[in-house]
Amino acid sequence: MAVNVKFHHIGITVSNLERTLEFFENAFGIVTGMALRVKSGNQTAEALGLPEHEQRVALLAAGDVIFELIEFHPARRESYDGRQDDVGYAYPCFSVEDIDAAYDEWTRLGYKINARPQVTHAGPVAGSKFMVLKDPDGKNIEIVETGKYLVASNIRAGEATASLDNPVIIGKH
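So, here's what we can say about the structure.

Criteria and cut-off values
- Residue indices follow the written sequence of each chain, beginning from 1 at its first position.
- In keeping with the model being predicted, local features are shown solely for residues with a pLDDT of at least 70 and side-chain atom pairs are shown and tallied solely at 80 or more, while totals for entire chains, interfaces and linings include all residues.
- Heavy atoms from the whole structure form the basis of all side-chain values; hydrogens and water molecules are not counted.
- Strand pairing is defined by DSSP finding a minimum of two bridges between the two strands.
- For helices the rule is a DSSP run of H or I covering at least 4 residues; for strands it is a run of E covering at least 2, with both sets numbered from the N terminus onward.
- The convention used is that axes are lines fitted to C-alpha atoms, helices contributing only their stretch in contact, and that angles between N-to-C directions extend from 0 to 180 degrees.
- Pairs of residues are marked as contacts when any of their non-hydrogen atoms sit within 4.5 Å.
- Working definition: with a 1.4 Å probe on protein chains only, accessible area under 20% of the residue-type maximum means buried, over 50% means exposed, and in between means partly exposed.

1. Some thoughts on the sheet that holds strand S2 (residues 32–39)
- If you trace the four strands from one edge of the open sheet to the other, you get S1-S4-S3-S2, paired in mixed fashion. Edge positions in the open sheet fall to strand S1 (9–13) and S2, since each of these has one partner strand only. This sheet shows a mean twist of 20° between the axes of neighbouring strands, independent of strand direction.
- Running over the sheet, helix H1 (residues 17–28) touches S2, strand S3 (54–62) and strand S4 (65–73) and is turned about 5° from S3.

This is how it looks when you write it as structure tokens:
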């Protein structure tokens, strides 16, 4: 029997909570809804599989999804060196109405973006565009402008299904 679930939040560990909060507010207009300090006891540390520690936590709401930004003390390491092709890598994705305008605004603000927005011209996600914006710790935040079929209701309905044997080409090749 499968357990019925709804998405609640995604947690992102950051090196500097204030710097990351400033980034989320300036880039996306998302502000802190709740902030707290957590001092783990033995049971909480055991539940997380970590040594006893303190956390500074900020909760931000983007639509119906909550972002939990967490700064750990002591930090295991000071910098992040992962890549998206590392097993276990996770990243958030935000949907925007006009990805080209977002690209222009974020480049004007000096944010790091890997490349101009890429567009899918054919297949089940035709008309969708995406790009990757880097957060202050260098983690990817995917930005997408959705085409007709890249929305949850159409995916749930099985519209415009694709096959792993027939790859979708994104961008120019």
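Now that the structure has been shown, we can carry on.
2. Quick word on the pairing of strand S8 (residues 140–145)
- Within S8, six of the six residues are buried, leaving the element largely enclosed by the surrounding structure.
- Alternating positions in S8 separate into two faces, Asn140, Glu142 and Val144 on one and Ile141, Ile143 and Glu145 on the other, with burial throughout.
- Here strand S5 (residues 93–95) pairs with S8 via three bridges, running parallel. Residue pairing for S8: cysteine 93 is matched across the bridge by glutamate 142.
- The pairing of strand S7 (residues 129–134) with S8 spans six bridges and is classified as antiparallel. Residue leucine 133 lies in a different strand from S8, and its bridge partner there is isoleucine 141.

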